[in-house]
Structure formats: C-alpha cells, structure tokens
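Chain by chain, the residues run as shown.
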Amino acid sequence: MQVSKVKKTIVYWLLLLPLVVVILFPFGVMFVTAVRPRAELFVYPPRWTFSEFRWDNFVDMWVKTNFGGALINSLYVSVASTALALVLSIPAAYALSRYRFGGKGLYRNFLLVTQMMSPIVLVLGLFRLMVQFGLVNNLNSLVLTYAAFNMAFTIWMLQSYFNTIPRELEEAAWMDGANHFVSMTRIFLPLAVPAMVVTGLFTFINSWNEFVLALTMIRNQDQYTLPVQIFSQVAGRYQVEWHHVMAGTVLATVPVAIVFSWLQRFLIKGMALGAVK
C-alpha cells in the first residue's frame, strides 16, 4: 500500500512538473537578472550563470528609485481599501444570505455583471469624479476606487460562504435573549473568519497589483504605488537599468507572498467551507 502511494505521488509530480516550470520560470528570470552584474545583462547567448552575485543591486535600487516610499504607499492603499471593502460588504452579504426581499435576485445578477467591467472603461469618469472631490494626486482616491471595484466581488464571495453557516445557531442565540446585532457579531462572524480572510486576501492582491487607476489618479512621484514606481523606471528613459527594475519587481512580490503564507491555513479552511454546504 505504501509503495502504491509513493508511485502515485511520483506520477502526480511528473504531471505537475511542466506547470510548475511555467509558473516559476518568470520568477527565475527576474531573480537572476536582479542579482547579475550590469555588464552581463545582455550577454548572448543568454545564460543562467554569472560572474558575481550582487546583492548590492537591491540596495542601489532601493536608494535610487524611492522604493521604500512606494512600498509604504502600496501597503496603505491595499490594507485600507481591503478593510473598507470588507466593512461595507459584510452587512450586504449578510442581508443577501439571511433575508428575503424584493429584487434580491436582480441585485445578485447586478453584482455579477459589474465583475465583467474593466476599470479602463470607467477610468475617465472616475478621474473626473475625483477631480470634483479634490482627491486627484491623493492616495485616498485609490482607496475609495479600489474598495468600490472590489465590493461586488467581496459581497458575492461572502454571501456564498455565509449560506453555509447554519441559521439554527443564530436562532438559538435569539431564544437566549440575544438581538440580531449580538448574534451576528458574537456567533455568526467568528464562524465566518476563514471566509473573510480568504476574501480579504484576494481583495488585497487585486489592490496591490492594480496599475491603470494608480497611473491615472496619481501624478506626484512621492505618491506612486509600487506598480507605477516600477513602470516609471522603464517608461520614457533612454537607458533602462534592468537589474534595478527586476530587483524592484522581486521585492514587490515579497509582501504578497508573506501575507499569502501567513494566511494559508485560513485560505484552506475558507475553500473547504465554501465547498461543503
């Protein structure tokens, strides 16, 4: 029996190996370019080896590209927009899951349709709206727009998860004298933590990687988020420091990897919760 399991494991890994290579290849190229000496960036034919392992490329990139400021800006925008989207989405998802009202099906379809719209379609209207609010070149404009764009996704996801939580638990709390608010905050929401973490994780990643709206709303380089800051090292330059660009790209993936690893156990619980109904 044990030998059979080992054989199956080997077969599965052999089947997954091409996919693993395809996924990891871009990261390998980024890392090798980031630690390669500048003089060896454009060697032909291309090779994975290099004469010197240069960690100094990361230090030089950090100083020359204002990476630290962009990192703080991205963290603020991503965390704030995720928190705002969750705070506004949880009551809406709870209402969709627990109550019956006219237009409920139409509203759920509206949420689904809005997911098909790209931010590029609305970027001009959003820019003019932020001009009216005086929020152009302000990170709070990104917080509001990212939260708004992610709310349809968060409501849809949370509502699906909330449907799996037995209503009888809340009814038992009501019979013990708890009102709806107490039963939701002390009984319902603690059970929904895995779902909220999973949804928040995907919302955070969407906000972290967004580029078009950040490029449109932010004009001052001190307010750039990481995608725009890295793009600025390439666009409009006669000479691109590719080792700095790749070093910045490698570091930009680190916070998301840390958050994903930290919340992985909640991710597994949340997926299982959504699968069992």
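Remember, predicted model here, so these are calculated numbers, not experimental data.

Calculation notes
Every chain is numbered on its own, with residues counted from 1 as its sequence reads. Owing to the predicted nature of the model, reporting of local features is limited to residues with pLDDT of at least 70; listing and counting of side-chain atom pairs is limited to 80 or more, with chain, interface and lining totals taken over all residues. For the side-chain quantities, the full set of heavy atoms in the structure was used; hydrogens and water were omitted. Helix numbers and strand numbers start at the N terminus; a helix is a DSSP run of H or I with at least 4 residues, a strand a run of E with at least 2. Exposure is judged per residue with a 1.4 Å probe applied to protein chains only, and the accessible area is read against the type maximum: over 50% gives exposed, under 20% gives buried, and values in between give partly exposed. Any two residues whose heavy atoms approach within 4.5 Å are treated as being in contact. The protein chains shown are the only cover counted for residues, whose accessible areas, like all others here, come from Shrake-Rupley with a 1.4 Å probe. A residue counts as positive if it is Lys or Arg and as negative if it is Asp or Glu; His and the chain ends are not included. By convention, the charge on Lys lies at NZ, on Arg at CZ, on Asp at CG and on Glu at CD. Think of a 1 Å grid over just the protein atoms. A cavity is a set of points where a 1.4 Å probe fits yet cannot get out, a pocket is an open set with protein on both sides within 12 Å along at least five of seven lines, and lining residues have an atom within 4 Å of a point. Grid points are joined across faces, edges and corners, and a volume is the space filled by probe spheres set on the points. We define a polar contact as two N or O atoms separated by no more than 3.5 Å, with the added condition that, inside protein, one atom must be a possible hydrogen donor and the other a possible acceptor, whereas residues neighbouring each other in sequence contribute only through side-chain atom pairs. Axes here mean lines fitted to C-alpha atoms, for a helix over just the part in contact, with angles spanning 0 to 180 degrees between N-to-C directions. When describing relative orientation, an angle under 35 degrees is termed roughly parallel and one over 145 degrees roughly antiparallel, while 65 to 115 degrees is termed roughly perpendicular and anything else oblique. When residue character is reported, Ala, Val, Leu, Ile, Met, Phe, Trp, Tyr, Cys and Pro are called nonpolar, Asp, Glu, Lys and Arg charged, and the others, Gly included, polar. Residue-level confidence of the predictor is what pLDDT reports, using numbers from 0 through 100.

What is the right way to look at the overall build of the chain in this model?
Across its full length, the chain carries 13 helices and 0 strands. Relative to its full complement of 277 residues, the chain shows a buried share of 38%. Of the contacts made within the chain by residues no fewer than 6 positions apart, 73% connect residues no fewer than 24 positions apart. A total of about 16,600 Å² of accessible surface is found on the chain, and carbon and sulfur atoms cover 69% of it. Seen as two clouds, the 20 positive and the 11 negative side-chain charges of the chain have centres 9 Å apart.

Any chance you could explain the environment of Leu14 here in plain terms?
Tracing the chain through its elements places Leu14 in helix α1 (residues 2-34). Spatially, the C-alpha atom of Leu14 lies 31 Å from that of Arg36, the residues being 22 residues apart in sequence.

Sorry if this is basic, but what is going on with empty space enclosed by the protein here?
Remark: the empty space left among the atoms is shown by a probe the size of a water molecule rolled over them. Across all of its chains, the model carries 1 cavity of 30 Å³ or more by this definition. Each pocket or cavity is described by its volume, and for the largest cavity that value is around 50 Å³. In terms of lining, the largest cavity is formed by Met61, Thr65, Phe67, Gln229, Ile230, Gln233, His244, Val245 and Gly248. If you list the elements that add at least two residues to the lining of the largest cavity, you get α11 (226-232) and α12 (242-262).

Can you help me understand the side chain of Thr65 in this one?
Turning to its location among the elements, Thr65 is positioned in the loop between α2 (56-64) and α3 (67-98). Judged by its relative accessible area of 6%, Thr65 is buried. At 2.5 Å, the side chain of Thr65 and the backbone oxygen of Met61 are in polar contact. Ignoring sequence-local partners within four residues, the contact set of Thr65 consists of Gln229 and Gln233.

Help me understand the packing of helix α8 (residues 180-191) against helix α9 (residues 193-209) in this model?
Where α8 meets α9, the axes come as close as 4 Å, and the angle between the chain directions of the two elements is 60°. Put simply, α8 runs oblique to α9. Residue-level contacts link Leu189, Pro190 and Leu191 of α8 to Val193, Pro194 and Met196 of α9. A breakdown of the residues in the contact of α8 with α9 according to their chemical character gives 6 nonpolar, no polar and no charged.

Looking at this structure, I do not really get the confidence of the model for the chain. What am I missing?
It should be kept in mind that the predicted coordinates are not to be read in detail where pLDDT is low. Averaged over all residues, the pLDDT of the chain is 82; the fraction at 70 or higher stands at 93%. Mean pLDDT in the chain bottoms out at helix α13 (residues 264-275), which sits at 56, and peaks at α3, which reaches 91. Considering only residues more than four positions removed or in separate chains, one finds that residues 273-277, a stretch of pLDDT under 50, has 8 contacts.

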